[in-house]
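# Tertiary structure, described
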Amino acid sequence: MSQELAARHGAWSDTPQPLALLLQILAVAEADVRKVLHDPWELFSRMLQPVLWLVIFAPVFSRTRVIPTGGLRYIDFMAPGVLAQSVMFGAIFYGISIIWERDQGILQKFLVSPAPRVALVAGRALSSTFRGVAQTIVVYIVALVMRVALQFEPWRIAGVVFSVMLGAATFSTLSLVAACIVRSRDRFVGVGQMMTMPLFLASNAIYPLSMMPQWLRVVARVNPLSYQVDLLRGLMVQGGHTVLGFEMDVAVQVLWLAVLMAIATKLYPRIVV
Amino acid sequence: MSYSGRVGHHRIESAIQTIELTRRYDSLVAVNHLDFSAPAGSIFGLLGPNGAGKSTLVKMLTTLLPPSSGTALVSGFDVVRRPSDVRRNIGYVAQMISADGDLTGYENLLISAKLYGIRGKEREARIAGALDFMNLIEAAGKRVKQYSGGMIRRLEIAQSMLHRPAVLFLDEPTIGLDPVAKRSVWEHIRELRDQFGTTILMTTHDMEEADVLCDQVAIMYQGRIVSIGKPAELKANAGPEATLNDVFILSTGAAMLDGEVRGGSLRDVARTRRTARRME
């Protein structure tokens with residue numbers, strides 16, 4: 001009994017803070033990953049969109065031969081864009097699960113735990129990177145079937161995985177921010193749709209920045225999806241190269257992620273009020 | 001009531017003490033300048049109809065909701081100034097179902113243990129102990145969506161006790177449960193008090209539950225505590241053969257039938273019904 005009392009106040013007191021934070025982030029992510037593994041249907045249901053883009057849109061569009069792809073076949077130009085958008089579409093609806101868990105009462109349990117808010121937000125971002133990587137495998141399979149000129153050097157694969165993780169974390173955190181603001185599932189569905197298409201069309205996913213009218217190019221240069229696509233284009237396909245530069249692509253995305261994380265951490269407790 | 005400004009953890013008589021604790025929602029005062037304390041090691045029942053302010057009070061005590069004014073000490077820590085110390089020392093089971101239906105019972109406990117920094121052999125031992133204590137060993141590998149309402153509640157209480165909190169908050173723990181499951185939950189709540197010395201603050205609108213289970217009862221009505229004491233004392237003061245229901249009528253001038261005195265916002269009522277339905 002006295003040992004029980006001693007242990008009672010031991011929650012995290014014997015652990016260095018950075019390690020405690022990391023373990024808490026992992027615990028939040030683990031809950032979500034275990035759910036996906038119990039019911040992977042969601043991952044399969046996401047296969048359809050990239051298939052449509054690569055099997056229908058790319059072959060038809062490539063016949064026009066008007067898009068300056070920098071010497072790439074159109075399908076090779078577009079494959080990184082399809083991967084980026086499919087990860088983005090998946091991540092952007094991630095916030096709805098937070099609202100759902102709030103309605104269930106699951107979220108409250110996390111909020112009364114000693115885990116700091118930033119761990120709860122970062123844990124969610126981390127679990128969405130798991131989904132993003134699973135999606136990447138699907139897109140690679142479809143791309144192989146469609147004979148996209150993929151590159152398989154290990155450093156490039158590692159780069160693609162890193163890039164997808166960064167993108168998934170950024171857009172899932174954006175989604176979390178939106179969820180904390182709208183706070184209801186019905187409203188969120190509308191907001192999610194409102195975010196996806198503009199982010200997608202105002203990016204270099206299916207046409208290059210150089211083709212855009214000036215005003216759109218400005219928007220696209222702020223849009224984190226453009227940097228995601230640019231980075232993937234430099235890594236994924238033969239003859240591909242970044243327009244904006246690897247460092248710039250990573251730096252802008254990291255900056256977006258940091259800003260969104262800070263906002264989400266601030267807003268997160270409000271979701272249960 | 002004077003507030004000495006005491007911070008830090010001390011061995012204290014009161015596990016919970018509120019100081020002019022108040023919460024407003026626009027024009028509505030959900031919790032109105034509340035001053036009360038709950039003795040350590042007791043089962044303290046907050047009794048009142050829907051909309052009385054019980055859940056708002058619990059949310060403030062568990063740091064989910066900031067007070068509009070005033071504060072409270074929970075296990076010796078100020079909920080406004082030291083919320084993370086409060087969180088380290090409390091457990092909370094929401095009125096809604098907080099166990100994750102898509103995970104197994106074991107996984108629910110595992111994630112909680114990890115969030116609270118319980119590691120290695122100690123973690124496995126506590127999870128095994130919790131499953132045993134709550135009679136859930138056989139169901140541990142099943143997903144929680146297949147559990148009955150009583151099993152879910154027992155799992156949630158086990159989850160909230162893994163880190164051996166000094167104070168445990170239970171918001172309507174038996175709502176929607178059949179009489180057998182309800183009694184089993186009561187039994188487990190008593191055992192927590194007796195085995196671990198946990199202070200338990202629970203809300204209820206069930207007169208029998210307050211009478212049979214609670215060491216202390218506070219009757220809450222329109223954001224205030226209108227009556228507080230041991231159930232037997234409250235009844236004795238109300239007159240010979242009085243029930244807690246009579247105490248309630250005497251204190252408020254209103255009758256409480258089935259938990260509903262006029263009032264209780266639509267949202268409260270809808271949530272209560274939803275939880276009750278899912279517990280069936």
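Residues numbered from 1 in each chain as written. Chains lettered and ligands numbered in written order. Predicted model: local features only at pLDDT ≥ 70, side-chain atom pairs only at ≥ 80, totals over all residues.

### Here's the deal with the overall build of chain B
A tally of regular secondary structure across chain B gives ten helices and eleven strands. For chain B, the proportion of its 280 residues judged to be buried stands at 54%. A separation threshold of at least 6 residues defines the contact pool for chain B, and within that pool the share at least 24 residues apart is 70%. (Helix = DSSP H or I, 4+ residues; strand = E, 2+ residues; numbered from the N terminus. Buried ≥ 20, exposed ≤ 12 C-beta atoms within 10 Å, placed from the backbone. Contact = placed C-beta atoms within 7 Å.)

### Points about the confidence of the model for chain A
The share of residues in chain A with pLDDT of 70 or more is 96%, and the mean pLDDT across the chain is 91. Here residues 1-9 of chain A is a poorly scored stretch, pLDDT under 50, and it has five contacts once near neighbours within four places are set aside; other chains count. (pLDDT = per-residue confidence, 0-100.)

### A short note on the environment of Arg-270 of chain A
Mapping Arg-270 of chain A onto the fold places it in the segment after helix 13 (246-267). When the C-alpha positions of Arg-270 of chain A and Arg-46 of chain A are compared, they lie 31 Å apart, and in sequence the two are 224 residues distant.

### So, the interface of chain A and chain B
Counting residues at the interface gives 28 residues for chain A and 27 residues for chain B. For the side of chain A that touches chain B, the secondary-structure elements that each account for two or more residues are helix 1 (2-8), helix 2 (17-38) and helix 7 (106-111) of chain A. No other element matches the nine residues that helix 2 of chain A contributes to the side of chain A that touches chain B.

### Thoughts on the confidence of the model for chain B
Residues and elements named next belong to chain B. Scored by pLDDT, chain B has a mean of 88; 86% of the residues are at 70 or more. Segment residues 1-11: pLDDT under 50, and ten contacts once partners within four positions in sequence are set aside and those in other chains are kept. Both confidence scores are given for the complex: pTM 0.88, ipTM 0.89.

### Regarding the nonpolar core
Ala-79 of chain A together with Val-74 of chain B are the most contacted members of the largest nonpolar core, which totals 157 residues. The biggest single contributor to this core is helix 5 (residues 74-92) of chain A, with 13 residues. Residues within four places of Val-74 of chain B in sequence aside, it is in contact with Ile-16, Leu-61, Val-79, Val-86, Ile-90 and Val-167 of chain B. (Core = buried A, V, L, I, M, F, W, Y, C linked by C-beta atoms within 7 Å.)

### Observations regarding the sheet that holds strand 4 (residues 43-47) of chain B
Residue and element names in this part refer to chain B. Read from one edge of the open sheet, six strands run 7-8-9-4-10-11, paired in mixed fashion. At either margin of the open sheet sits one strand with a lone partner, and together these are strand 7 (90-93) and strand 11 (224-229). Adjacent strand axes in the sheet meet at a mean angle of 15 degrees, parallel and antiparallel pairs treated alike. Pairing of strand 4 with strand 9 (residues 199-204), which is carried by five bridges, proceeds in the parallel orientation. Note that in strand 9 the partner of Leu-46 across the bridge is Thr-203. (Pairing = 2+ DSSP bridges. Axes fitted to C-alpha atoms, helices over the stretch in contact; angles between N-to-C directions.)

### Describing the pairing of strand 4 of chain B
The buried fraction of strand 4 of chain B is high, at five of five residues. Across the two faces of strand 4 of chain B the burial is the same, with Ile-43, Gly-45 and Leu-47 of chain B and Phe-44 and Leu-46 of chain B all buried.

### Observations concerning the packing of helix 5 of chain A against helix 10 (residues 185-201) of chain A
Residues and elements named next belong to chain A. One way to put it is that helix 5 packs onto helix 10 with a least axis distance of 10 Å and a crossing angle of 160 degrees. Viewed along their axes, helix 5 and helix 10 adopt a mutual orientation that is roughly antiparallel. Between helix 5 and helix 10 the crossing geometry is right-handed. When helix 5 is examined against helix 10, the residues Gln-85, Met-88, Phe-89 and Ile-92 are found in contact with a partner set consisting of Gly-192, Met-195, Thr-196, Leu-199 and Phe-200. (Parallel < 35°, antiparallel > 145°, perpendicular 65-115°, else oblique. Left-handed = near helix turned anticlockwise from the far one by under 90°.)

### Remarks on the environment of Glu-247 of chain A
Residue and element names in this part refer to chain A. Turning to its location among the elements, Glu-247 is positioned in helix 13. Here Glu-247 falls in the exposed class, since 9 other C-beta atoms lie within 10 Å of it. C-alpha of Glu-247 to C-alpha of Leu-231: the two residues are 16 residues apart in sequence and 9.1 Å apart in space.

### Remarks on unusual backbone geometry
Residue and element names in this part refer to chain B. In the Ramachandran plot, Asn-135 falls in the positive-phi region, its phi being about 55 degrees despite a non-glycine side chain. Assignment of secondary structure puts Asn-135 in the loop between helix 4 (120-133) and helix 5 (149-161). Given 14 C-beta atoms within a 10 Å radius, Asn-135 is considered partly exposed. A positive phi angle, near 50 degrees, is found at Glu-172, a position not held by glycine. Mapped onto the elements, Glu-172 comes out in the loop between strand 8 (167-171) and helix 6 (179-196). Using a count of 27 C-beta atoms within 10 Å as the deciding quantity, one classes Glu-172 as buried.

### Here we look at the pairing of strand 2 (residues 28-34) of chain B
Residues and elements named next belong to chain B. Pairing between strand 1 (residues 14-25) and strand 2: four bridges, direction antiparallel. Within strand 2, the residue paired with Tyr-25 across the bridge is Leu-28. Counted along the chain from strand 1 to the antiparallel partner strand 2, the turn is two residues long, and its residue Asp-26 has a positive phi close to 50 degrees.

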